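Chain by chain, the residues run as shown.
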Amino acid sequence: MERQEYNITAYTENHIGLLNRIAIIFSRRKINIESLNTSPSEIEGIHRFNIVITETEEVVRKICRHIEKQVEVLKVYYNTNDEVIWQEMALYKVPTDIIAERALVERLLRENGARAVVIRKDYTVFETTGHRQETDNLIRVLEPFGLIEFVRSARIAIIKASDGFHLKLNEFEETQPSDEVIENEYLNDRDGVFAM
Amino acid sequence: MSTQAQPVLEATTAETREISGAEVLLRGLLAEGVDTIFGYPGGAILPIYDALYDFKEELNHVLVRHEQGGIHAGQGYARASGKVGVVFATSGPGATNLITGLADAQIDSTPLVCITGQVFAHLLGSDAFQETDVINITAPVTKWNYQITEASEIPSILAKAFYIARSGRPGPVLIDITKNAQLDKIPFAGYEPCTHIRSYRPAPVVRPQAVTQAADLINQAQRPLVLWGQGVVLGGAEREFQAFIEKSGIPAAWTILGAGVLPADHPLNVGMLGMHGNYGPNVLTNECDVLIAIGMRFDDRVTGRLDKYARQAQVIHLDIDPSEIDKNVATTVAVWGDCKQTLPMLTRQVAERTHPAWRQRFAEFQAEEVDVVIREALFPTSAELTMGEVVQQLNELTQGEAILVTDVGQHQMVTCRYARLNESRRHITSGGLGTMGFALPAAIGAKFGQPARTVVAIIGDGGVQMTIQELGTLMQTGIAVKIIVLNNQFLGMVRQWQELFSARRYSFVDIQSPDYVTVARGYRIEGQSVTDRAALGPALQAMLAHPGSYMLEVMVAQEQNIFPMVPQGCSVSEIRLK
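**Regarding the overall build of chain B**
Secondary structure assignment for chain B yields 22 helices and 20 strands. By the compact-globule yardstick of 25 Å for 578 residues, chain B fits well, its C-alpha radius of gyration being 24 Å. Seen through its principal axes, chain B has C-alpha atoms that stretch 70 × 60 × 40 Å. Here chain B holds 578 residues, and 56% of them are scored as buried. Counting only contacts in chain B whose residues sit at least 6 apart along the sequence, the fraction spanning at least 24 positions is 78%.

The structure is reproduced here in structure tokens:
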């Protein structure tokens, strides 16, 4: 089976120590977590983990079941990149004098969909959001102009509202005992939470 | 095990009054039906021990000699009684000494609630005396853990701990309680047991269509084989299992933790699976057409080489833990759920059959195994004593009514193979983790869990020296545990591998023993050592007749190998008889 990037989405309780319990499921198998984000979800009091790893589907499936086995985890999904809308945000610090002197830079930033977050006399911080390739591109663009500092956020991903997801849901029903509605009753009875 | 939930909740005091967190904890334990605790005191758990002073009548605290002994005793208690084992330890080294037992209980699905003391909350992270990060150290080896830093959390967390430990696939839970939470006084109105956690489903919902699919496969099968494991015991589904087997007429083989669910002499019990299991079930795993796995997890010691394991078979897997399905062996039909519930559904839908020709195959393999291996193991013609004849004579004296507790190694495999059990929970051993040193403390726990039953610990000369300090626990409690040390003057299983696979390069396996009878006598425990056959029977009788604990050392053949054997990396059908 082919290794590729998978986006793991876990709905959990907001509990101290759960991050470690989830992280060691990966480290025990010597799998590198490429990106990890925790955030609130659409449900009050329910946390959402977005985790990205590169592995075969079989490995990802087993890992997801182990994550779901944790007492404080409600539900885990995994999706390929095609099955999600995903974004990462990046910040770039560059010297202001160069930006001011050279209109070229401003044009490059515009072309790369970046915007200024802070403009000070000594430096300016730009922000861009997009796929890895886009945020990487801007590094290469800015490097010749004295990129002082760069940082990129973890990935956040929304599972697409598509037939593909519904098919996946059916697959879940194949291997899981109860249908998805019953499985997710706890989510405040909100219909369509996973159907998007 | 929801089906084995203990009588919970009576305790409620008439009026709300202020009591310490430590006392709240003990009242909670009583409400959960706890009567026995295995523990060892220390600085950070002092307030709980102080409160325990007033509960001497209700709670029997067993003072062990080492925290590892404490937790193995808790495991033995849980495995023998079906109840949750409770263990106390202090912070720092007390807590870290629990790790081996937690890992053992986690991999063998044993319900435990371990309570550790912790430094004051304001000292957390300061490298205070005997402070250790217990929650993070134990995360991989507990089903759940939690650090309590305020007394008010104690009742609800304790209730959650018991619920999680015993429900679904059972496992060890650890609660770490800071000293301030033990000391602080809170109003206590009563103890509310936990019955539901929204993020935790103990058992998956059963899909009736999966059961029907499974039944269809079974009804079409010509050569079906059942493999059962501890899940049947944990689910309390022994009778449901037997009914299923007897109606379907399917030969059934067991993993070592499943031993006893079908009595040894049951005509459909075809023996033990795995590396040192029986000949027939191993070979025929690769000839069956439908393989029905019930409450077992396809451990590598059972499957041997996976890519040559039951490839021809359609696989039905009944398990309560969804993460076990398709983990090692791909299933055709997965029946998720508690087998106490799924087995009767399956039994209703399977046809009554007898499979005479197929069963004959098992009988033929069994006859060959008796000729080549078993007869000589149990009724040796050689001068030296064998481990097998010790177990055989013990069978005859106890008639399968004793609880046997084994350690890890050759003596363990011999006992698994030859002990004739009438029921489940009669053989307690460290399965998944293979923890040497398990047997002596686990036998102590088993005796507390089943006080009316004879408990015999069968231990090798290596393992007994790992936790021999627990003879002190036997001495102090005065309970009767019969200890048989099968002394071959080697770390026998490792020696066997070195003989077979490393050209007899015996590397650090020639372990020396103390004079066990003298050691036991030091602990005021009777004993004797036997070296010849004529003395064995009388010695076993003396051991069983003695009112208290007893140490019986049996000097057995030094270089005896355990066969059959599936060498590592080989298929189950490549099992060797010699």
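**A look at the confidence of the model for chain B**
Residue and element names in this part refer to chain B. A residue-level look at chain B finds 97% of positions with pLDDT of 70 or above and a mean pLDDT of 96. Counted against residues more than four places away or in other chains, residues 1-13, with its pLDDT under 50, gives 36 contacts. Quick note on the complex model: pTM equals 0.93, ipTM equals 0.91.

**Quick notes on the pairing of strand S4 (residues 85-89) of chain B**
All names here are of chain B. Of all five residues that make up S4, five are buried, and the element is covered over most of its length. The two faces of S4 match: Gly85, Val87 and Ala89 on one face and Val86 and Phe88 on the other face are all buried. Examined bridge by bridge, S4 and strand S5 (residues 112-118) share five bridges and lie parallel to one another. Considered in S5, the bridge of Gly85 is made with Leu112.

**Considerations on the environment of Arg169(B)**
All names here are of chain B. Structurally, Arg169 is set in the loop between helix H7 (154-166) and strand S7 (172-178). Judged by the 24 C-beta atoms lying within 10 Å of it, Arg169 is buried. In this structure, the C-alpha to C-alpha distance between Arg169 and Asp108, residues 61 residues apart in sequence, is 9.9 Å. Residues contacting Arg169, with those up to four places away along its chain left out, are Ser109, Ile320 and Asp321.

**Here's the deal with the interface of chain B and chain A**
Between chain B and chain A, the residue contacts involve 20 residues of the former and 20 residues of the latter. Looking at the side of chain B that touches chain A, the elements that each hand over two or more residues are helix H6 (134-138) and strand S14 (333-336) of chain B. When the residues that make up the side of chain B that touches chain A are grouped by side-chain class, the tally is 13 nonpolar, four polar and three charged.

**Observations concerning the packing of helix H3 (residues 67-81) of chain B against helix H5 (residues 99-107) of chain B**
All names here are of chain B. Following both chains from N to C, one finds H3 and H5 inclined at 20°, their axes separated by 8 Å at the closest point. The angle between H3 and H5 places the two elements in the roughly parallel class. From H3, Gln68, Ile71, His72 and Gln75 reach across to H5, where they touch Thr100, Gly101, Leu102, Asp104 and Ala105. For the contact of H3 with H5, the residue count by class is three nonpolar, five polar and one charged.

**Description of the sheet that holds strand S9 (residues 224-228) of chain B**
Residues and elements named next belong to chain B. The strand order S11-S10-S9-S12-S13-S14 describes an open sheet built from six strands, whose pairing is parallel. Sheet topology places strand S11 (269-272) and S14 at the edges, where each strand pairs with a single neighbour. Across the sheet, the axes of successive neighbouring strands diverge by a mean angle of 20°, strand direction being ignored. As paired elements, S9 and strand S12 (residues 290-294) share five bridges and run parallel to each other. Bridge pairing links Trp228 to Ile294 in S12. Relative to S14, helix H9 (residues 208-220) is tilted by about 130°, and along the sheet it contacts S9, S12, strand S13 (314-319) and S14.

**Re the pairing of strand S19 (residues 526-530) of chain B**
Strand direction decides the pairing type here: S19(B) and strand S20 (residues 550-555) of chain B, joined by five bridges, are parallel. When the sheet's bridge partners are listed, Glu526(B) is paired in S20(B) with Tyr550(B).

**Observations concerning helix H20 (residues 492-501) of chain B**
Each α-helix turn comprises 3.6 residues. Residues three or four places apart therefore point the same way. Residue and element names in this part refer to chain B. For H20, the full list of buried residues reads Gly492, Met493, Arg495 and Gln496. Viewed end-on, H20 has its buried residues packed into an arc of 155°, placing them on one side of the element. Where H20 is buried, its residues meet helix H17 (410-418) and strand S17 (455-460). One or two steps after H20, the chain reaches Ala503, where phi turns positive at roughly 50°.

**What to know about the sheet that holds strand S2 (residues 35-40) of chain A**
Sheet strands line up and pair through hydrogen bonds in the backbone, either parallel or antiparallel. Residue and element names in this part refer to chain A. Spatially, S2-S3-S1-S4 is the arrangement adopted by the four strands of the open sheet, whose pairing is antiparallel. Edge strands, defined here as strands with exactly one partner in the open sheet, are S2 and strand S4 (73-80). Between one strand axis and the next, the sheet turns by 15° as a mean value, whatever way the strands run. Both S2 and strand S3 (residues 46-55) contribute to a ladder of six bridges, which runs antiparallel. The residue bridging Asn37 from the neighbouring strand is Asn50, located in S3. Strands in contact with helix H2 (residues 57-69) are strand S1 (4-13), S3 and S4; relative to S4, the strand with the most contacts, it is inclined by about 165°.

**Topic: the nonpolar core**
In globular proteins that are soluble, nonpolar side chains generally tend to be buried together. Among the nonpolar cores identified, the biggest contains 183 residues, and Val113(B), Ile175(B) and Ala457(B) are the most heavily contacted of them. Counting residues per element, this core draws most heavily on H7(B), which supplies nine residues. In this structure, Val113(B) is in contact with Val84(B), Val86(B), Ala161(B), Phe162(B), Ala165(B), Val173(B) and Ile175(B), ignoring residues within four places of it in sequence. Formed by 20 residues, the second largest nonpolar core is a distinct cluster that contains Tyr11(A), Ile51(A), Ile53(A) and Val76(A).

**Regarding the environment of Phe55(B)**
Residues and elements named next belong to chain B. Among the structural elements, Phe55 can be located in the loop between helix H2 (46-52) and strand S3 (60-63). Since 16 C-beta atoms lie within 10 Å of it, Phe55 is described here as partly exposed. Once the C-alpha coordinates of Phe55 and Leu30 are considered, the two residues, 25 residues apart in sequence, prove to be 9.7 Å apart.

**Side note on the confidence of the model for chain A**
Detailed reading of predicted coordinates is not advised where the pLDDT is low. All names here are of chain A. Here chain A shows a mean pLDDT of 81. Residues at 70 or above account for 82%. Of all secondary-structure elements in chain A, the lowest mean pLDDT belongs to helix H7 (residues 180-183), at 38, while helix H1 (residues 18-27) reaches the highest, 97. Counting contacts from residues 162-196, a segment whose pLDDT is below 50, to residues more than four positions away or on other chains yields 36 contacts.

**Regarding helix H15 (residues 356-378) of chain B**
Residues and elements named next belong to chain B. Here H15 is 23 residues long, yet its end C-alpha atoms lie only 28 Å apart, well below the 33 Å a rise of 1.5 Å per residue gives. At Val370, H15 shows its strongest bend, of approximately 55°. Where H15 is concerned, the buried positions are Trp358, Phe362, Phe365, Glu369, Ile374, Ala377 and Leu378. Each element contacted by the buried residues of H15 is listed here: S11, helix H12 (279-285), helix H16 (387-398) and H17.

Conventions we followed
- Every chain begins its residue count from 1, and numbering advances along the sequence as written.
- Each chain gets a letter, beginning with A, and each ligand a number, beginning with 1, in the order they are written.
- Residue-level local features of this predicted model are given only where pLDDT is at least 70; pairs of side-chain atoms are given and counted only at 80 or more, and the full residue set underlies all totals for whole chains, interfaces and linings.
- Each helix is a run of H or I in the DSSP string that is no shorter than four residues. Each strand is a run of E no shorter than two, and both are numbered from the N terminus.
- Radius of gyration here uses only the C-alpha atoms, and the compact-globule reference equals 2.2 Å multiplied by the residue count raised to the power 0.38.
- For every residue, the other C-beta atoms within 10 Å of its own C-beta are counted; 20 or more classify it as buried, 12 or fewer as exposed, and values in between as partly exposed. C-beta atoms are placed from the backbone.
- Residue pairs are scored as contacts if the distance between their C-beta atoms, which are placed from the backbone, is within 7 Å.
- The predictor attaches a confidence to each residue, and that confidence, scored 0 to 100, is pLDDT.
- Strands pair, by our definition, only if DSSP identifies at least two bridges between them.
- Three categories are distinguished: nonpolar for Ala, Val, Leu, Ile, Met, Phe, Trp, Tyr, Cys and Pro, charged for Asp, Glu, Lys and Arg, and polar for the others, with Gly belonging to the last.
- In this analysis an axis means a line fitted to C-alpha atoms, helices contributing only their contacting stretch, and an angle means the value between N-to-C directions, from 0 to 180 degrees.
- Working definition: roughly parallel below 35 degrees, roughly antiparallel above 145 degrees, roughly perpendicular at 65 to 115 degrees, and oblique for all remaining angles.
- Working note: the arc is built from the helix axis to C-beta atom directions.
- Each nonpolar core consists of buried Ala, Val, Leu, Ile, Met, Phe, Trp, Tyr and Cys residues. Their C-beta atoms, within 7 Å, join them into a set.
- Any helix carries an expected span of 1.5 Å times its number of residues minus one.
- The reported bend at a residue is simply the angle between two axes, fitted to the 7 residues ending at it and to the 7 residues beginning with it.

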